[in-house]
Amino acid sequence: MNNRTVPLVDLQGKFRPELKELGGKYVKNEYYADGEAPERSVDVEIAIQLKERNRAFKVEKYVHSYPNCWRTDKPILYYPLDSWFIRVTDVRDRMYELNQEINWKPASTGEGRFGNWLQNANDWNLSRSRYWGIPLPIWRTEDGSESRIIGSVEELKAAAQEAVDAGLMQKNPLAGFVPGDMSEENYAQVDLHKNIVDKITLKSSTGQPMHRESDLIDVWFDSGSMPYAQWHYPFENKEFIDQGSTYPADFIAEGVDQTRGWFYTLHAIGTLVFDSVAYKNVVSNGLVLDKEGKKMSKRLGNALDPFETLDKYGPDATRWYMISNANPWDNLKLDVDGIDEVRKKFFGTLYNTYSFFALYANIDGFSSKEAAIPLEERSELDRWILSELNSLVQRVDEAFNDFDATRATRAISYFVQENLSNWYVRLSRRRFWKGDYGQDKIAAYQTLFSCLETVAQLAAPVAPFIMDRLYQDLQEGIGGESGKSVHHSDFPVSDTAAVNEKLEHKMQMAQKVVSLALSIRQKEKIKVRQPLQKMMIPVLSDAQRQELEAVRELVLSEVNVKELDLIDDASGILVKQIKPNFKTLGPKFGKDMKAIAQAVAGLQQEDIRKIEQEGEISLALENKTIILQLTDVDISSQDIEGWLVASAGPITVALDIQINRQLKEEGIAREMVSRIQNLRKDAGFEVTDRIDLKIQKDGKIEEALMRNVQYVKSETLTEELDFEDQLEEGTPVEFDEIQTKLLIVKR
């Protein structure tokens, strides 16, 4: 038509009349009204005609997938239409260059998926044949010889008035609009929907009428224009964009599928209009799946109700679980049991730590009035936890600045659970509830307060509600600024002068040794309250010996062992075994795995000692030499008679698990102290209340406690301790071979 090729099928789904006997027939029988469809569909007619004309080699039916309309369930036709395009191909190289300036999380999305899409970007089809949306602001003459693009309501009003003056329209629908008046009342007069602007006729330069192109603009163009449209740019707030105060965006986030959607349109328009990136940092989010890794669906019955989940577990625990469990750009297998675990392990531990602090701070009247104890005058334990705290601040700040909230939340969780609660508070308990309110106790309060306050500030971006409550309770409790929100406080800054890497490393050594010793106890079901006589640790260097000597008393106290021997040469006592770690060796060496395994099997004790000390060893294979790292092997120690052995990397611990009578009795005394303390707590006694204690004899308990009577009395604040043949009152206590009763009376 008019020297232009057109499809054989019109927009109603019928063959065009130029096809003679097929003209006017629907290409699919489903398009006919009920009862009007012919017996033979048009595709059957075509097949018959081809056979009759001897033009068909073979005709047969076959089943294949075909798209159907989700509303009517009728077959869909794909139809070629005239469209308006943005010539993206002219700037795609520049788009690719600018993409190198964007910090993508993960980087692989920006470099791979998005980068590849940019390198092969086609022209952007801007037209959409719909009703609701932004109309294309293009008016053309009927013969297409002249086009006009309108750039503002002011320009459209003026052009419409020209058409009115030329007699092409009776009145100007925008006559009441006042250019330059940015009030809502002025713009309320303007309706730019399709049904309104399609009635506006403009005048061409030759006086011909011009009508608007019927299509709308792709809605992704709307979203891609959002950085400017939100400020009504360029008609208002030009400085926001032109001076860079709100553009480019510091950070955006959306699903990874937006590499061809929002991420792309933002970037394309930014490049075309401003030769600039539209955003500096972007996180492409993964999907939230069920705990089995399947997509959630009501049909499958595996969809979680988010409101029920939030009501049951709370928004902070839910958010902390989701962010700490997996990077936002990875798919998350959501398991509500995991949320509950986070609530108990992280938030529960933090709450218990605060409760411990508040309990004793209230007893002693701790407040902000005392001058801060200088760092150098605080105990080594205080200096260590403050060093770890400031190292944590640095790591969390770096992680947040790198848009890696997962790394930040995991670091905070580890600090609270392992360093603060499981180590510092546990080792400092006596400082809080024993002794006078002197410098050491004040230093302990100030140290723990700083840790809790800083954790609240660090964790507030992810857990805004709980951390705000914690922060305000801390401030009010010490007479600080009441009612101030954590979100109005400055984010912590690391005090590098307080960071002592040597001290941190030394304490980490102690934690590793204690963890290994406790793992042996757990394996053998030996309670920590049961003292053991001896522990041995082979040392690999003078530096390691010095570190272990420095934490000797701390380690012995934590694992409840009497003696620690540091052995220079363990070859005659501990026999170590070494085997390949195929998980790390496979990707590195592939086909050489078998030869490496044979070589590792031939390593002697001195070779094992060398790789533990130096972190690597060279292995001679048949045709080459390779370097084997410590992570490429698994090293373990054989148990020796009467001892149990545990290893982790270069650290090995051997524990004497034989228990003599004296150790047994001391273990009984420690267990009884624990039971008495629980009874005090259950009875509602204050931690400072002193008591009298009566214990029923059983033939074992009295002898064990009398050998450790001063320890029992001092730990339980007991004034009088008596043994009775029979107690009518009291609480039954049973453990191991002990069967007795306890009666405590507050003085």
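For the structure given in this document, a descriptive report is provided here.

Conventions used here
- Residues numbered from 1 in each chain as written.
- Predicted model: local features only at pLDDT ≥ 70, side-chain atom pairs only at ≥ 80, totals over all residues.
- Heavy atoms only, no water.
- Helix = DSSP H or I, 4+ residues; strand = E, 2+ residues; numbered from the N terminus.
- Rg over C-alpha atoms; globule rule 2.2 N^0.38 Å.
- Buried < 20%, exposed > 50% of the residue type's maximum accessible area, 1.4 Å probe, protein only.
- Contact = heavy atoms within 4.5 Å.
- Lys, Arg positive; Asp, Glu negative; His and termini not counted.
- Charge placed at Lys NZ, Arg CZ, Asp CG, Glu CD.
- Core = buried A, V, L, I, M, F, W, Y, C linked by side-chain atoms within 4.5 Å.
- Pairing = 2+ DSSP bridges.
- Axes fitted to C-alpha atoms, helices over the stretch in contact; angles between N-to-C directions.
- Phe/Tyr/Trp six-rings, centres within 6.5 Å; stacked < 30°, edge-to-face > 60°.
- Lys NZ or Arg CZ within 6 Å of the ring centre and 35° of its normal.
- Salt bridge = Lys/Arg side-chain N within 4 Å of Asp/Glu carboxyl O.
- Expected span 1.5 Å × (residues − 1).

Moving on, we come to the overall build of the protein chain. Assigned secondary structure in the protein chain consists of 26 helices and 25 strands. In summary, the protein chain has a C-alpha radius of gyration of 39 Å against a globular reference of 27 Å for 747 residues, an excess of more than 25%. Each of the three principal axes of the protein chain carries a C-alpha extent, and together these read 115 × 70 × 55 Å. In the protein chain, buried positions account for 42% of the 747 residues. Taking all contacts inside the protein chain whose residues are at least 6 apart in sequence as the whole, residues at least 24 apart take part in 69%. Positive and negative side-chain charges in the protein chain, numbering 93 and 119 respectively, have mean positions lying 5 Å apart.

Right, let's get into the nonpolar core. In terms of nonpolar packing, the biggest core is built from 84 residues, with Ile412, Met467 and Met535 touching the most fellow members. Of the residues forming this core, the biggest block, eleven residues, is contributed by helix α13 (residues 336-364). In contact with Met535, other than residues within four places in its own chain, are Val513, Ala517, Val555, Val559, Val561, Glu563, Leu564, Asp565, Trp643, Val653, Ala654 and Leu655. If you look at the next biggest cluster of nonpolar residues, it comprises 30 residues, including Val91, Met95, Val277 and Tyr279.

We now examine the sheet that holds strand β8 (residues 209-212). Here we have four strands laid out as an open sheet, ordered β6-β5-β8-β7, and antiparallel in their pairing. The open sheet has two edge strands with one neighbour each: β6 (147-149) and β7 (202-203). Examined bridge by bridge, strand β5 (residues 138-141) and β6 share three bridges and lie antiparallel to one another. Considered in β6, the bridge of Trp139 is made with Arg148.

Before going further, it helps to spend a moment on the sheet that holds strand β25 (residues 738-746). Pairing is mixed in the open sheet, where four strands are placed in the order β23-β22-β25-β24. In the strand order of this sheet, the two ends are held by β23 (718-724) and β24 (731-735), each with one partner. Adjacent strand axes in the sheet meet at a mean angle of 25°, parallel and antiparallel pairs treated alike. Inspection of the sheet shows β24 paired to β25 by five bridges, in the antiparallel sense. Directly across from Pro732, in β25, lies its bridge partner Lys741.

Attention now goes to the packing of aromatic side chains. With the rule as written, the count across this model stands at 30 aromatic pairs. Note on Trp117 and Tyr264: the rings are 6.0 Å apart at their centroids and 80° apart in plane angle, and the pair reads as edge-to-face. Note that Trp117 is positioned in helix α3 (residues 107-119) and Tyr264 in helix α10 (residues 262-274), a separation of 147 residues in sequence. The class of Trp117 is partly exposed, set by a relative accessible area of 31%. Using a relative accessible area of 7% as the deciding quantity, one classes Tyr264 as buried. A network of ring pairs unites the aromatic residues Phe356, Phe357, Tyr360, Phe366, Phe432, Tyr437, Tyr445 and Phe449 as a single cluster. Taking the ring centre of Tyr66 as reference, the NZ or CZ of Lys28 above it sits at 4.7 Å.

Taken as a whole and judged by the stated rule, the model has 42 salt bridges. Residue Asp689 pairs with Lys746 through a salt bridge whose shortest N-O separation is 4.0 Å. With Asp689 in the loop between α24 (661-682) and β22 (691-696) and Lys746 in strand β25, the pair connects residues that are 57 residues apart, well separated along the chain. According to the relative accessible area criterion, Lys746 is partly exposed, its value standing at 45%. A salt bridge links Arg690 to Glu719; the nearest nitrogen and oxygen atoms lie 2.4 Å apart. Of this pair, Arg690 sits in the loop between α24 and β22 while Glu719 sits in strand β23, and the two are 29 residues apart along the sequence. Accessibility expressed as a relative area gives 38% for Arg690, which makes it partly exposed.

Let us now look at α13. Given a rise of 1.5 Å per residue, 29 residues ought to cover 42 Å, and the 41 Å separating the end C-alpha atoms of α13 matches this to within 8%. Trailing α13 by a residue or two, Gly365 shows a phi angle of about 70°, which is positive.

By secondary structure assignment, the location of Glu553 is in helix α20 (residues 552-559). Given a relative accessible area of 59%, Glu553 falls into the exposed group. Considering only alpha carbons, one finds Glu553 and Ile102, 451 residues apart in sequence, at a separation of 52 Å.

The next subject is α3. Taken together, the buried positions of α3 are Thr109, Gly110, Phe114, Gly115 and Leu118. Next to the buried residues of α3 lie α2 (92-99), β2 (103-105), α10 and β11 (281-285).

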